[in-house]
Each structure stands twice: as C-alpha cells, then as structure tokens.
Amino acid sequence: MTRDYRQMSTQFKYQLDTLVKIGVSLSAENNLNRLLDMIVFQARQLTRADGGTLYLLADGRLRFTIIQNSTLGIHRGGESGHRIDLESVELKKDNVCAYAAILGKTVTIADVYESKEFDFSGPRKYDAITGYRSQSMLVVPMKNHLGAVTGVLQLVNAMEQGTREVTPFDEGSVALVEAMASMAAVAIEKTKLLEDTRALFNSVIEVLGVAMDAKSHYTGNHIQKVAKLNIEIAKAIHDDTEVFPDIRFTENELEEIRLAGWLHDIGKVTTPEWVMDKDTKLKVVLDRIHLIEERFTRAAEELVKAGKSADAERLMADLQFIRDKNRPVEDMRDDDIRRLREIAGRRLPVAGHETRMLSDDELRNLVIRRGSLTEEEIEKVKEHAVWTTRMLEKLSFPDHLKNVALYAVQHHEKLNGQGYPTGVGADKIPFQSRILAIADLYEALSARDRPYKERMPYEQTIGILRRQAENGDIDGKILEFLVDKDVFRRFEEKYRNGHNGHAAYE
Ligand SMILES: [Fe+2]
Ligand SMILES: [Fe+2]
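Residues numbered from 1 in each chain as written. Chains lettered and ligands numbered in written order. Predicted model: local features only at pLDDT ≥ 70, side-chain atom pairs only at ≥ 80, totals over all residues. Heavy atoms only, no water.

1. A word on the side chain of E256
Inclusion rule: Helix and strand definitions here come from DSSP, where helices need a minimum of 4 consecutive H or I residues and strands a minimum of 2 consecutive E residues; each element is numbered from the N-terminal end. Burial classification: accessible surface area is computed with a 1.4 Å probe over protein chains only, and a residue below 20% of its type maximum counts as buried, one above 50% as exposed, and the rest as partly exposed. We count Lys and Arg on the positive side and Asp and Glu on the negative side, and we leave His and both chain ends out. Criterion for a salt bridge: a side-chain nitrogen of Lys or Arg within 4 Å of a carboxyl oxygen of Asp or Glu.
As for its placement among the helices and strands, E256 is situated in helix α7 (residues 251-263). K402 is the oppositely charged side chain nearest to the buried, salt-bridge-free E256, at an N-O distance of 5.7 Å.

2. Here's the deal with the coordination of the iron ion (ligand 2)
What counts is decided by this rule: Water is not part of the atom set, so a site may look incomplete; the donors themselves are N, O and S atoms within 2.8 Å of the metal, or 3.2 Å for Na, K and Ca. Angle rules define the geometry names used: all angles between 85 and 135 degrees makes four donors tetrahedral, while opposite donors over 155 degrees apart and all other angles between 65 and 115 make four donors square planar and six octahedral, leaving every other case irregular.
Every protein donor of the iron ion (ligand 2) is listed here as H222 (NE2), H264 (NE2), D265 (OD) and D440 (OD), and their distances to the metal cover 2.1 to 2.3 Å. Coordination at the iron ion (ligand 2) is irregular, judged from the four donor atoms that bind it and the angles of 85 to 175° they form at the metal. Along the chain, the residues donating to the iron ion (ligand 2) fall in the pattern H-x41-H-D-x174-D. Metal-to-metal, the separation of the iron ion (ligand 2) and the iron ion (ligand 1) is 3.5 Å; D265 coordinates the two. With H222 in helix α6 (residues 222-239) and D265 in the loop between α7 and α8 (273-276), this pair connects stretches of sequence that are 43 residues apart. By relative accessible area, which is 4% here, H222 ends up buried.

3. Overview of the coordination of the iron ion (ligand 1)
For the iron ion (ligand 1), every protein donor is listed as D265 (OD), H384 (NE2), H411 (NE2) and H412 (NE2), and the spread of their distances is 2.2 Å. Taken together, the four donor atoms surrounding the iron ion (ligand 1) define angles of 83 to 167° at the centre, an arrangement classified as irregular. Within one chain, the residues serving as donors to the iron ion (ligand 1) are arranged as D-x118-H-x26-H-H.

4. Side note on the domain arrangement of the protein chain
For an interface, size is often stated in terms of accessible area lost upon the parts coming together. Note the threshold: Residue ranges for the domains trace back to a domain assignment, done automatically or taken from a database. Contact between two residues is taken to exist if any of their heavy atoms lie within 4.5 Å; hydrogens are not considered. For any pair of parts, buried area is found by adding up, for both, the accessible area (1.4 Å probe) each one loses once the two are put together.
One can read the domain layout of the protein chain as domain 1 (2-193), domain 2 (216-275 + 376-498) and domain 3 (283-372). Here the C-alpha centroids of domain 2 and domain 3 sit 40 Å apart. Counting residues at the interface gives four residues for domain 2 and nine residues for domain 3. Summed over both sides, the interface of domain 2 with domain 3 buries roughly 580 Å², with 53% coming from carbon and sulfur. The tally of links from domain 2 across to domain 3 stands at one salt bridge.

5. With respect to unusual backbone geometry
With an omega of 10°, the peptide bond between Y420 and P421 qualifies as cis. Examined against the element boundaries, P421 turns out to sit in the loop between α14 (404-409) and α15 (431-446). Phi at N157 is positive, roughly 55°, even though this residue is not glycine. For N157, a relative accessible area of 2% gives the class buried. The phi angle at A351 is positive, at roughly 50°, despite the residue not being glycine. Within the secondary structure layout, A351 lies in the loop between β11 (347-350) and β12 (353-356).

6. Remarks on helix α2 (residues 32-47)
How we decide: One fewer than the residue count of a helix, multiplied by 1.5 Å, yields its expected span. Any pair of N or O atoms that falls within 3.5 Å is considered a polar contact. Within protein, one atom must be able to donate a hydrogen and the other to accept it, and sequence-neighbouring residues count only if both atoms are side-chain atoms.
End to end, α2 covers 23 Å across 16 residues, agreeing with the expected 22 Å (1.5 Å per residue, within 8%). Burial analysis of α2 places 12 of its 16 residues in the buried class, the great majority of the element. Within α2 the residues assigned to the buried category are L32, L35, L36, D37, M38, I39, V40, Q42, A43, R44, L46 and T47. Of the residues that open α2, the one with a side-chain oxygen 3.0 Å from the backbone nitrogen of N33 is N31.

7. Here's the deal with the packing of α15 against helix α16 (residues 458-470)
Note the following rule: For helices, the fitted axis covers only the stretch in contact; all axes are lines through C-alpha atoms, and the angles between them, taken along N-to-C directions, range from 0 to 180 degrees. Geometric relationships in this document are graded by angle, where less than 35 degrees denotes roughly parallel, more than 145 denotes roughly antiparallel, 65 to 115 denotes roughly perpendicular, and other angles denote oblique. Two helices crossing with the near one rotated counterclockwise from the far one by less than a right angle form a left-handed crossing, whereas a clockwise rotation gives a right-handed crossing.
In contact at an axis separation of 10 Å, α15 and α16 are set at 140° when each is read in the N-to-C sense. Taken as axis vectors, α15 and α16 run oblique relative to one another. Two packed elements cross with a definite hand, and for α15 against α16 that hand is right-handed. Judged by residue contacts, L441, Y442, L445 and S446 of α15 engage Y458, T461, I464, L465 and Q468 from α16.

8. Quick notes on a nonpolar patch on the surface
Rules: Patch building starts from residues that exceed 30% relative accessible area and form no salt bridge, then joins like charges within 9 Å and nonpolar side chains (Val, Leu, Ile, Met, Phe, Trp, Tyr) within 5 Å. In these tables, accessible area is a Shrake-Rupley quantity obtained with a 1.4 Å probe, and a residue counts as shielded only by the protein chains included in the view.
A cluster of nonpolar side chains, namely L57, L91, I102 and L103, defines an oily patch on the protein surface of about 280 Å² accessible area. By the element assignment, L57 lies in strand β1 (residues 49-58).

9. Brief notes about the packing of aromatic side chains
Aromatic rings in a pair are described by how distant their centres are and how their planes are angled relative to each other. Spelled out, the test is: Classification of ring pairs rests on two measures: the distance between centres of Phe, Tyr or Trp rings, Trp counted by its six-membered ring, which must be within 6.5 Å, and the angle between planes, read as stacked under 30 degrees, edge-to-face over 60 and tilted in between.
Counted according to the given criterion, the structure contains eight aromatic pairs. Pairing F201 with F397 gives two aromatic rings, centres 6.3 Å apart and planes at 80°, and the pair type is edge-to-face. Of this pair, F201 sits in helix α5 (residues 171-215) while F397 sits in the loop between α13 (375-394) and α14; the two residues are 196 residues apart in sequence, bridging distant segments of the chain. Judged by relative accessible area, F201 falls into the partly exposed class, the value being 29%. Between F244 and F431, the ring centres sit 5.4 Å apart and the planes meet at 75°, which makes this aromatic pair edge-to-face. Taken together, the positions of F244 in the loop between α6 and α7 and F431 in helix α15 put the pair 187 residues apart, joining distant regions of the chain. For the pair shown, F244 and F431 are each scored as buried.

10. Things to note about the pattern of salt bridges
All chains considered together, the criterion is met by 39 salt bridges. For D17, the salt bridge is made with K21, and the minimal N-O distance between the two is 3.8 Å. Here K21 and D17 lie together in helix α1 (residues 2-28), a separation of four residues that amounts to about one turn. On the basis of relative accessible area, K21 is assigned to the exposed category, the value being 57%.

Here it is in structure tokens:
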C-alpha cells in the first residue's frame, strides 16, 4: 500500500509537472493550428491515450478540428495538411461529445461498446472500416474564461505503459485533463483573437494597396505586384544556400518584408491624380492641346480671310508639330525645342486680339526633354516617399514588426547615397530595403501600363537594372542572384496564373 502510494505520488507529481509545462507552452503558442495539435497531443501524453479528437463549437455544431490516433497512424487537421471531411456533430444529447458540450460535464466510459447511455454507432462504423477497437473514453468540455463551452476534447483508449493494454481513464487523469482543457480553451481564444486581429490588419493594408492601385489606371497593379514580387525574392534568398548561405528570415522578418511591400507607396495617396496620370506634356486634368488646337485653328481662319493662305498652312503644320511634341519621349532633340520656342514667340490675331501662340506654361511643358513631367511635377511624385514616411510613423507597429516603416520608406534610396527621400548610403540601407528597391524598379520597368511606354522586353529590363547596379544604385549581388535563378520570370508566370488567366496586367 505504501509503495503504491509512493508510486502514485511520483506519477501525480510527474503529471502535475507536465501540466504546468503544458500551461506555459499553450500560452506561448501563437499559431492556432500548432496550438490545436499541441492540445490533443499533450492531453494524450498526460493520460497515455492512444487517440484524441478535438471539436470546436461553431454555428451550434461541433466541428471536427483535430484527429490523432497513434495505432492507426492518423493525424488530420491542424498542421498535418490533411483536411477532415467528417460532418460536424449536431448538438443532441445522445452523442457523447454533444452531451458534454450541452451540459458542460465530463464523461468517462470504460467500454463504449457496452455503453447504453449514448449512441456509439458512429465510432463503431469507423472501427468496422479501420479494424480499430474503441474502448475507454474520456470526454471533456472545454470552457473559456467566462465558463462558456467552446469545444470538446475526446480521448480514446488509455493504455498501460509497456503492455499497451487498454484501461479506463483514472480519476487523476480526469482532473488533469479538465484543468488542461480550460487552459487550452483560453489559449485558443487568445490565439484566435490574435489571428483575427492580424487578419484584419492585413486586409486593411491590402485594401489600401488595392485602392492606391485603382487611383491610377496607368500604374495598374503596381503595389500588388511589388508586394508579391518582394516576398518572392525574400523567400528565394532565404531558401538559397550558395550565394546567401547566411541570410535566413524568421517568420516575423518575412512578415515585415511582406508588409513593407504592401505599404511602400502608401504616400501616393497624396500625389495628385493629374500628376500620376500625366501622359502628355500639356495635360493638367485636361489635355491643353485642345486649347492650342482651338487657338491655332481660329488664327488660321483669320489668316485665310486676310488672304494669307500660305501663312495659314504653315500655322497648321506648326500645330501638327506641337501635337507630335506633346507626346513624351526619352530624349527630345535641340532642334525641336528651338522650333517650339520660335512658335511660342509668334503673335497672331485671334477673334480680333493679338494673341501669343503658346503661353509660357504651355511652352515650359512642351519642351520637357524626357517623359511628361516638369521638374516641379517630378518633385511632387518624389514627395510620396516623404508621405510614406510620415504616414507609417503614425502607425504603431508591434515590436516584432518595427522595421516595416524603414524598409517601406527606403525603396527609392540608392546605395550610392543619391536616392530619396533622405539620400542615405549603403551602410544605412538594410538587406530588406535593397530587395524592395529591386522589386519596385523591376515592376516599374517591366510594366506596360505606364504613360508613353510599351512593355519592355525582359532582357532590356535586366540590362537597365544591371546598369543601375554598376552605377551603385541597387545591390548587384542580389540582382545577379535573381537573374541567375530566374526569379523574375518565374514570378511573372506564377502571377499570371494566380489571376486565373485574367492576366491582370497583360
Ligand atoms: Fe515609390
Ligand atoms: Fe513603387
């Protein structure tokens, strides 16, 4: 008797110890699937149960969430990657789990085949298929901090150590599993709350990105694509063991990278649409070429009336020239600029008034050498990086995401210190920012949906990126790795397929 007591005591101490450890690990786990797996596994360890099932209460039914069985080698739900296709259990008292959930009471059964109290036709059917023999059972309701039942933990076939002979669940086990079940219920609620909050946070950020993309029809899906490419690049580097053997990202670091991608251009919310969409030099909400057309046509009419047909013809040729020069180019010729100035200097009667053929502002826009934006407008575009900084500074990121803002705001910085908004150099630009800068540039170059630009062939895009690397703008080692592993092209393919053939940016 004394020896038995001492044995029991040792066993009890072990169980208590295990219970405390379980409590600690349950509260530390923030991944819901891992947590659920852990609950069933630990409860089985605690009671030496062969199998365990965890049900969660949802919409008035008990949903199979985890199934584990050591003898049958089964692990479904949770982190296993195997879905559970069983129908959820209706809350009717003849089912033992439903009974435990409805009454909030623990049920122990020595042999389910001999039980008259509950309907075990389900487990019997399952046994008939698998050749298993369900015998002893412990069914414990899981109650949250308010005492409400949120799920049920069902353990099957407690086993004698060594012999693996099936025995009933003893009283000590019942008390321990009950204690554990309520810790588990609280941990599940906490983790669910965390995941819900995270999901909400993520969806808000993605909605912002999508809305930003919708703001300009030219930039297409820029933010969405950069966000996806950015994380793809990070993962490729993380997985690589040759070029970047020392670079590994933790889950939190990957999350920072992902969020930085989604938020990098958030400051564009402040960029005027007419600047974002300025696809001709004269466009400011409306394309002012129409005003010039009107002016020139009227002046030409008056010239014809005055019998100066040749001058009228010349004027219409000038108008055609202006129309042509209103379209942005990579590098405008000096000759063209001279001719525009000459046209602008001319005065002709329009509706009875001496009128300058081009205003100062029209001329200033028409002589833009490259692209369609004036210096001031380029500055306006660049301001988005400052706004990204200001806006992200206002968001209170939790500690494990504290670098999101830094990576996001640095996407236009250059290693040689010639970028913006702050012009910091390589020593202040972390790896994650370098990845994002490349993802951003690659997308901007390769996208077709920009003013005055056809889609650039892959080789040409890489050629430009290489020159930028040589120039010290971007990280050449990362770039060469990506080209070498064909990360960009594999991403393009994946991205296209991900859009179910709708090819969002094709
Ligand atoms: Fe940007
Ligand atoms: Fe961008």
